[in-house]
Amino acid sequence: MECVVQGIIETQHVEALEVLLQGLSGVPKERLRVHELCVKSGPNLGVVPSEVRLLCNLEQPTSTWTVRHVGAPMKGTGAEQIAVLVRPMVESKVSNNVLRFFYALGYKLDHEVLKVGFAFHFQRVAKITVTVTSLNKIPKLHAIDEAVPVTPGLQLVEVTAPTAADNYVEVVAAISSFCEHLAPLLHLSKPGVATGLVPTAAAAADSLMSNGSGKAM
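Residues numbered from 1 in each chain as written. Predicted model: local features only at pLDDT ≥ 70, side-chain atom pairs only at ≥ 80, totals over all residues. Heavy atoms only, no water.

- The protein chain goes by Mediator of RNA polymerase II transcription subunit 18 in an unreviewed UniProt entry, where it is assigned to Acorus calamus.
- According to the UniProt record, the Sequence similarities (unreviewed entry) comment for the protein chain reads "Belongs to the Mediator complex subunit 18 family."
- Its UniProt record, at the heading Subunit (unreviewed entry), says of the protein chain: "Component of the Mediator complex." (UniProt positions renumbered as here; feature names shortened; annotations may be inferred.)

Structural data, given as structure tokens:
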């Protein structure tokens with residue numbers, strides 16, 4: 001399982017966000033250039049459609065693919081009362097012929113995108129990952145070099161952490177606490193919940209850039 005929140009930030013404030021994340025985490029960033037393919041099951045694989053994402057970070061010296069499947073989010077009164085989405089998630093390293101394998105199973109390519117940006121990984125009760133990426137659509141099959149921005153001037157920020165059924169409350173609290181430090185720059189909420197931009201972002205970004213670092217937790 002994983003806990004996740006998302007938000008958007010203007011590209012002009014991303015450098016300030018990076019400064020803040022560096023100060024909060026105390027770890028170096030990881031550069032991302034992720035080729036992501038979304039494949040969906042055909043009708044011969046059952047009545048319930050299945051969606052799987054195949055990911056490869058092109059910034060790595062060798063191409064390593066990961067298969068990722070996300071399930072339906074946790075529901076009920078408890079889930080509705082928390083500001084973080086909790087959902088099942090399975091992720092595994094796979095070989096470079098993974099797309100051919102899913103084609104053989106009857107899956108079809110739905111779309112592919114290129115995500116460019118950076119990530120920070122650090123420990124706060126659980127291992128928290130913060131990714132900041134621009135989303136680019138690939139107009140022709142596997143034509144990565146021709147990718148064009150989906151939302152020019154905006155970037156996606158995602159905060160995730162692995163969890164389990166017996167400790168998700170603690171992980172949700174850790175993510176919520178961490179997100180408070182980012183509040184001057186952006187709103188973070190459950191995926192699919194529109195939050196818009198933060199009116200204080202410009203002033204907060206100016207302050208961070210003049211100070212040169214974030215406040216350590």
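## Regarding the overall build of the protein chain
Line of reasoning, step 1. If you tally the helices and strands in the protein chain, you get five helices and 10 strands.
Line of reasoning, step 2. The C-alpha atoms of the protein chain give a radius of gyration of 18 Å, which matches the 17 Å a tight globule of 217 residues would have.
Line of reasoning, step 3. Summarising its shape, the C-alpha atoms of the protein chain cover approximately 55 × 45 × 30 Å along the three principal directions.
Line of reasoning, step 4. Relative to its 217 residues, the protein chain shows a buried fraction of 41%. (Helix = DSSP H or I, 4+ residues; strand = E, 2+ residues; numbered from the N terminus. Rg over C-alpha atoms; globule rule 2.2 N^0.38 Å. Buried < 20%, exposed > 50% of the residue type's maximum accessible area, 1.4 Å probe, protein only.)

## What to know about the environment of histidine 121
Line of reasoning, step 1. Tracing the chain through its elements places histidine 121 in strand S7 (residues 108-124).
Line of reasoning, step 2. Histidine 121 gets classed as partly exposed once you look at its relative accessible area, which sits at 31%.
Line of reasoning, step 3. Along the sequence, histidine 121 and leucine 17 sit 104 residues apart, while their C-alpha atoms lie 15 Å from each other.
Line of reasoning, step 4. Reaching out from histidine 121, the side chain makes a polar contact with the side chain of glutamate 30 at a distance of 2.7 Å.
Line of reasoning, step 5. A distance of 3.0 Å separates a polar atom in the side chain of histidine 121 from a polar atom in the side chain of threonine 129. (Polar contact = N/O pair within 3.5 Å; in protein donor to acceptor, adjacent residues only side chain to side chain.)

## Digging into the environment of glutamine 60
Line of reasoning, step 1. Tracing the backbone shows glutamine 60 in the loop between strand S3 (51-57) and strand S4 (65-70).
Line of reasoning, step 2. Counting along the chain gives 29 residues from glutamine 60 to arginine 31, while the straight-line C-alpha distance between them is 8.8 Å.

## Quick word on helix H1 (residues 14-25)
Two residues of an α-helix separated by three or four positions point the same way, owing to the 3.6 residues in each turn.
Line of reasoning, step 1. With 12 residues, H1 ought to run about 16 Å at 1.5 Å a step, and its terminal C-alpha atoms sit 16 Å apart, in line with that.
Line of reasoning, step 2. Along H1, the residues classified as buried are Val14, Ala16, Leu17, Val19, Leu20, Leu21, Leu24 and Ser25.
Line of reasoning, step 3. The secondary structure elements touched by the buried residues of H1 are strand S1 (2-10), S7, strand S8 (126-137), strand S10 (154-162), helix H4 (168-182) and helix H5 (201-211).
Line of reasoning, step 4. Phi turns positive, to about 70 degrees, at glycine 26, one or two residues after H1. (Expected span 1.5 Å × (residues − 1). Contact = heavy atoms within 4.5 Å.)

## Quick word on the packing of H1 against H5
Line of reasoning, step 1. Contact pair H1 / H5: the axes reach a minimum separation of 9 Å and the direction vectors enclose 55 degrees. With respect to their mutual orientation, H1 and H5 come out oblique. At the point where H1 passes H5, the crossing takes the left-handed sense. Touching Glu15, Ala16, Val19 and Leu20 of H1 are Ala205, Leu208 and Met209, all from H5. (Axes fitted to C-alpha atoms, helices over the stretch in contact; angles between N-to-C directions. Parallel < 35°, antiparallel > 145°, perpendicular 65-115°, else oblique. Left-handed = near helix turned anticlockwise from the far one by under 90°.)

## Observations concerning the packing of aromatic side chains
Line of reasoning, step 1. Under the counting rule described, the total for this entry stands at four aromatic pairs.
Line of reasoning, step 2. Considering the side-chain rings of phenylalanine 101 and phenylalanine 102, the 5.6 Å spacing of their centres and the 80 degrees angle between planes classify their relative orientation as edge-to-face.
Line of reasoning, step 3. Centroid distance phenylalanine 122 to phenylalanine 178: 5.1 Å. Interplanar angle 50 degrees. Geometry classified as tilted. Here the residue phenylalanine 122 occupies a position in strand S7, and phenylalanine 178 occupies one in helix H4, the gap between them amounting to 56 residues. In this structure, phenylalanine 122 and phenylalanine 178 share a single accessibility class: buried.
Line of reasoning, step 4. By way of ring pairs, the aromatic residues Phe101, Phe102 and Tyr107 are connected into one cluster.
Line of reasoning, step 5. Above the plane of the ring of phenylalanine 118 lies lysine 29, whose end atom (NZ or CZ) is 5.3 Å from the centre. (Phe/Tyr/Trp six-rings, centres within 6.5 Å; stacked < 30°, edge-to-face > 60°. Lys NZ or Arg CZ within 6 Å of the ring centre and 35° of its normal.)

## Points about the environment of leucine 182
Line of reasoning, step 1. Within the fold, leucine 182 resides in helix H4.
Line of reasoning, step 2. Among the residues examined, leucine 182 registers a relative accessible area of 0% and is labelled buried.
Line of reasoning, step 3. Spatially, the C-alpha atoms of leucine 182 and proline 61 are 32 Å apart, while their sequence positions differ by 121 residues.
Line of reasoning, step 4. Apart from the residues within four sequence positions on either side, leucine 182 is in contact with Leu17, Leu20, Leu21, Leu24 and Leu188.

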